[in-house]
Amino acid sequence: MISVNDFKNGLTITVDGELWRVVEFQHVKPGKGSAFVRSKLKNLRNGAVQEKTFRAGEKVEQAQIDRKKMQYLYADGNNYVFMDTDTYEQLELPGESLTEELKYLKENMVVSVIMYGSETLGVELPNTVDLTVAETEPGIKGDTASGGSKPATMETGVVVQVPFFVNEGDVLTINTTDGTYISRA
């Protein structure tokens, strides 16, 4: 059990039999009445985000989440196969549970698979990933004063806004949390 006063972003809790991750929280002390904690929670099973208010000092159950390092092997129809790097066991995950992650997932990439007991909740990508530019418009010489950007389609199919000097075949470092260009790899 953990007090709601000890909430941190990313903490995983169990409320009403469901698994939730704390997205953000705020301690509120009104002039009149008792203090409370306003929180935004994300359901780890279905991805729904809900705002919930707890009385200050209220206790909730902390969920024990395991992260296993696994390597992405290949796509098998609509399923995606991962291998535990320690035991070499293979795990198949359905494509519906990996909608956002598929944009950055490359074969042989090592990711963290999030597990609660024997239930697999999802995949956690590294903060950055190196991807090759598959398609982009050629840069126009001298068009750098504006400091603008152009769309580039990466090898995984995700479209990222990149500077004008980037060409097809370049390897770029992309932020996986918001899908932005960071630098050339």
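Counting of residues starts from 1 at the beginning of each chain's written sequence and follows it residue by residue. Residues qualify for local features only when their pLDDT is at least 70, as the model is predicted, and side-chain atom pairs are given and counted only at 80 or more; totals for whole chains, interfaces and linings, by contrast, use all residues. Side-chain calculation: all heavy atoms of the structure are included, whereas hydrogens and water are not.

Examining the pattern of salt bridges
Any two side chains of opposite charge can pair, so long as their charged atoms come close to each other. Inclusion rule: For this analysis, a salt bridge means a side-chain nitrogen from Lys or Arg found within 4 Å of a carboxyl oxygen belonging to Asp or Glu. Comment: elements are numbered from the N terminus, with helices defined as DSSP H or I runs of at least four residues and strands as E runs of at least two. Exposed residues in this analysis have more than 50% of their type's maximum accessible area, buried residues have under 20%, and partly exposed residues fall in between, with area computed by a 1.4 Å probe over protein chains only.
Scanning the entire structure with this criterion turns up 7 salt bridges. Here Arg-45 makes a salt bridge to Glu-119, at a shortest N to O gap of 2.9 Å. Within this pair, whereas Arg-45 is found in the loop between strand 4 (36-43) and strand 5 (49-55), its partner Glu-119 is found in strand 11 (residues 119-124), the two being separated by 74 residues in sequence. Assessed through its relative accessible area of 30%, Glu-119 is described here as partly exposed. Among the salt bridges present, the one from Glu-155 reaches Lys-106, with a minimum N-O distance of 3.8 Å. Here the residue Glu-155 occupies a position in the loop between strand 13 (149-154) and strand 14 (159-163), and Lys-106 occupies one in the loop between strand 9 (90-94) and strand 10 (110-116), the gap between them amounting to 49 residues. Each of Glu-18, Arg-45 and Glu-119 takes part in a single network of salt bridges with overlapping partners.

Quick word on the side chain of Asn-43
Rules: Within 3.5 Å is the distance limit for a polar contact, defined as a pair of N or O atoms, with the added protein rule that one can donate a hydrogen and the other accept it, and that residues adjacent in sequence qualify only through two side-chain atoms. Pairs of residues are marked as contacts when any of their non-hydrogen atoms sit within 4.5 Å.
Its place among the elements puts Asn-43 in strand 4. Among the polar contacts made by the side chain of Asn-43, one reaches the side chain of Glu-18 at a distance of 3.1 Å. Side-chain polar atoms of Asn-43 contact the backbone nitrogen of Asn-46, separated by 3.4 Å. Apart from residues no more than four positions distant in its own chain, Asn-43 is found in contact with Glu-18, Leu-19, Trp-20 and Ala-48.

What about the UniProt feature "domain: Translation elongation factor P/YeiP central" (unreviewed entry) in the chain?
Filter applied, for reference: UniProt positions are given in the numbering used here, feature names are shortened, and annotations may be inferred rather than shown by experiment.
UniProt feature "domain: Translation elongation factor P/YeiP central" (unreviewed entry): in the numbering of this structure it lies at residues 67-121. Strand forms 56% of residues 67-121 and helix 0%; the C-alpha atoms that close the span are 10 Å apart.

Description of the domain arrangement of the chain
Rules: A domain assignment, automatic or from a database, supplies the domain bounds used here.
According to the domain assignment, the chain contains domain 1 (1-60), domain 2 (64-122) and domain 3 (127-182). A separation of 38 Å is found between the C-alpha centroids of domain 1 and domain 3.

Description of the nonpolar core
Across soluble globular proteins, you tend to see nonpolar side chains buried next to one another. We count it as follows: By nonpolar core is meant a set of buried Ala, Val, Leu, Ile, Met, Phe, Trp, Tyr and Cys residues that side-chain atoms within 4.5 Å join together.
Phe-82, Met-154 and Ile-174 are the most contacted members of the largest nonpolar core, which totals 26 residues. Taken together, the elements giving at least two residues each to this core come down to strand 7 (66-76), strand 8 (79-84), strand 9, strand 10, strand 12 (128-136), strand 13, strand 14 and strand 15 (171-175). The residue makeup of this core includes at least three contributed by each of domain 2 (64-122) and domain 3 (127-182). In this structure, Phe-82 is in contact with Met-70, Gln-71, Tyr-72, Leu-73, Glu-89, Gln-90, Leu-91, Leu-93, Leu-98, Leu-105, Val-111 and Val-123, ignoring residues within four places of it in sequence. Leu-11, Val-22, Leu-41 and Phe-54 belong to the second-largest nonpolar core, a separate cluster that totals 12 residues.

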